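If you want the building blocks of each chain, they are given just below.
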Amino acid sequence: MQKFDDYSFDDFLEDISFIRFVKNGPQGNDDVWQQWVVSNPPNLDTYSQARRYILTAISITPVKDTEENRSAVWAKINSRIARQAKIAVMTKRIKIWSYSAAAALLLFACGYWYVTSQIIIQTGFGEQRSVTLPDNSIVKLNANSALRYPRAWRIHGVREVWLNGEAFFRVQHLNKQPQQVKPSERFVVHAGVVQVQVLGTEFNVKSRRNHVTVSLTKGKIGVSTGKNNPQFILAPGEAVRYQDKKIVRTAINRMNNQPLAWTKNQMIVNGITVAGIIENYEDTYGGHIILENPALGNKRIDGTISMTSKDATIYMLANLLNATVEPRNNGVYYIKLNHVK
Amino acid sequence: MEQMNDQQLWTLFLQGDQQAYHDIYALYYQNLYSYGLRKVNEPELVRDCIQDLFVNLWSGRKNLNSTDNIKYYLLASLKNLLIRAATQNTRWQGIDADTLNQFQLEFNLESEYIRKENMSLQAKALMDALDQLTPRQKEVLYLRYFEELSFEEIADLLDISVRAVYKLGYRAIDALKLILNLPKSDILMLLATYRIEISLSAGHFLR
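Scoring rules and cut-offs
- Residues numbered from 1 in each chain as written.
- Chains lettered and ligands numbered in written order.
- Predicted model: local features only at pLDDT ≥ 70, side-chain atom pairs only at ≥ 80, totals over all residues.
- Heavy atoms only, no water.
- Helix = DSSP H or I, 4+ residues; strand = E, 2+ residues; numbered from the N terminus.
- Contact = heavy atoms within 4.5 Å.
- Areas by Shrake-Rupley, 256 points an atom, 1.4 Å probe, with all protein chains shown as cover.
- Buried area = accessible area lost by both parts, 1.4 Å probe.
- Salt bridge = Lys/Arg side-chain N within 4 Å of Asp/Glu carboxyl O.
- Axes fitted to C-alpha atoms, helices over the stretch in contact; angles between N-to-C directions.
- Parallel < 35°, antiparallel > 145°, perpendicular 65-115°, else oblique.
- Nonpolar A, V, L, I, M, F, W, Y, C, P; charged D, E, K, R; others polar.
- Buried < 20%, exposed > 50% of the residue type's maximum accessible area, 1.4 Å probe, protein only.
- Pairing = 2+ DSSP bridges.
- UniProt positions renumbered as here; feature names shortened; annotations may be inferred.

Caption draft 1: Up close: the overall build of chain B. Broken down by element type, chain B carries 11 helices and zero strands. From first element to last, N terminus to C terminus, chain B shows the α and β order α-α-α-α-α-α-α-α-α-α-α. Within chain B, counting contacts between residues at least 6 apart in sequence, those at least 24 apart form 66% of the total. Roughly 10600 Å² of accessible area belongs to chain B as shown, and the carbon and sulfur atoms make up 48% of that amount.

Caption draft 2: Broad picture of the interface of chain A and chain B. In this complex, chain A contributes 34 residues to the contact, which on the side of chain B involves 47 residues. With both sides pooled, the region where chain A packs onto chain B buries about 4200 Å², and carbon together with sulfur makes up 60% of that total. Counting across the chain A and chain B interface gives four salt bridges. Residue Lys23 of chain A is joined to Glu148 of chain B by a salt bridge in which the shortest nitrogen-to-oxygen separation is 3.1 Å. Broken down by secondary-structure element, the contributors of at least two residues to the side of chain A that touches chain B are helix 1 (9-14), helix 2 (16-24), helix 4 (44-57) and helix 5 (67-116) of chain A. Looking at the side of chain A that touches chain B element by element, the count peaks at nine residues for helix 5 of chain A.

Caption draft 3: Region of interest: the packing of helix 1 (residues 6-14) of chain B against helix 4 (residues 70-88) of chain B. Residues and elements named next belong to chain B. Here helix 1 crosses helix 4 at 60°, and the two axes come no closer than 9 Å. The angle between helix 1 and helix 4 falls in the class oblique. Side by side, helix 1 and helix 4 meet where Asp6, Leu9 and Trp10 of the first sit next to Ile70, Lys71 and Tyr73 of the second. Looking at side-chain class alone, the contact of helix 1 with helix 4 contains four nonpolar, no polar and two charged residues.

Caption draft 4: Region of interest: the pairing of strand 9 (residues 211-218) of chain A. Residue and element names in this part refer to chain A. Most of strand 9 sits inside the fold, with six of its eight residues counted as buried. What sits between strand 8 (residues 202-208) and strand 9 in their antiparallel hairpin is a turn of two residues, with Arg209 showing a positive phi close to 50°. Where strand 9 meets strand 12 (residues 238-243), five bridges bridge the pair, whose relative direction is antiparallel. Considered in strand 12, the bridge of Thr213 is made with Arg241.

Caption draft 5: Examining the UniProt feature "transmembrane region" (unreviewed entry) in chain A more closely. In the numbering used here, UniProt assigns the "transmembrane region" (unreviewed entry) feature to residues 96-115 of chain A. In the segment residues 96-115 of chain A, helix accounts for 100% and strand for 0%; the C-alpha atoms at its two ends are 28 Å apart.

Here it is, written out as structure tokens:
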């Protein structure tokens, strides 16, 4: 309170509590300013001047809007806020709708892709690969071959694969009651024109150069070229060959080119022509072998040719024929018979 | 009931309390209208701007900060809206930026303060002097003594430095202090020759 005694004119005007005291009068019986004024302070004159100054400064013609206008403005504010809220709800709804639509579309696209897309396994020349299918069936894929099957394997019911090239299958047997075979227990291999129907078994499928050979080593399979065509039931040790709409049924041990030798990186031949061996080589490693004397292609050969690598195979073949190999460009080899002196 | 302070009221409003929102409107509508009309003598424009101000306030409340002086916040927002309305110059062709430099402040000798204090003669001289203040000075005077804003808030609102606010305030005060100190006879003389620049001649007179 004492500090007001030193107040100058400016100090009074800067003190908001003084301004309020002048404007509103004393607040209650113990008003600080009221008590100070009645204590007859030394700067009472300055106090009066400051008081008059403020009183004059606030003696302005009041500006006031009517109560009606105030209410009218408030009503307009409220209606605008209500409209905004409505628009906000609507845009939110539209947003939710468009998001759900986009999500549904995405889901549908993903589903469509999942159901229709295929897994493709492709081997290069000289490359072999072992693939385990979702049902734990094992496919050994020979070189230069492709195996396709649906990504949504389980949704499709029947187990189906498409083969281009050569593969050995060891199919998981799912059937428990031989009298009733459910579709999901079937396993079908599509190879060119041929379909191989399987329950659970081991067999080789070779689909190259427009002919398909199916060789069974274990179990039982049905082979056909379509639903309405006759189905050949193969027993172990039997094979069937489709070529130029002709069907040849045979026993594996009578074939001139043993169908499972490739899984052991071999070619086991029994009276096959040199041309047949060269085809086999080209299917596996690519490139070309040209014989200096084409008649050599008709020569028949017996024995086992190791196919551990491209070079080893071709030199072994040359050795067998008593010939020399000359590599040319672009994977072409030229085979020339050695002249016997 | 204990009256809610600005901070509590504002916090309630920020939380979406409609009663608090209405209370703020009811409390400050007349302050806003009065200040707006003194700056722009267009009642409809001022009401439109107050409308915009409160609609924006509600829809943008999630981005607003806390404040302990609602009145200052509202006055500053209204001033910005008036400036925008004037510069956009679409609906209110008559308003230009120059109009906004006006500040209408009419001093009233018949006010109850003057009559109560029995200070009519001195007050008359004072008012003549106050009348001759620049619009800027009048605005400072109004915001300080009528709206009770701090010098810092006034500086922010008028977009000038606090020093400049003091200077504007003091230039007015210096001249007026002299009047308050003059003996009665001098004031009478002063009033007889009024309409000459009082703030200058008051100093001159004493020399």
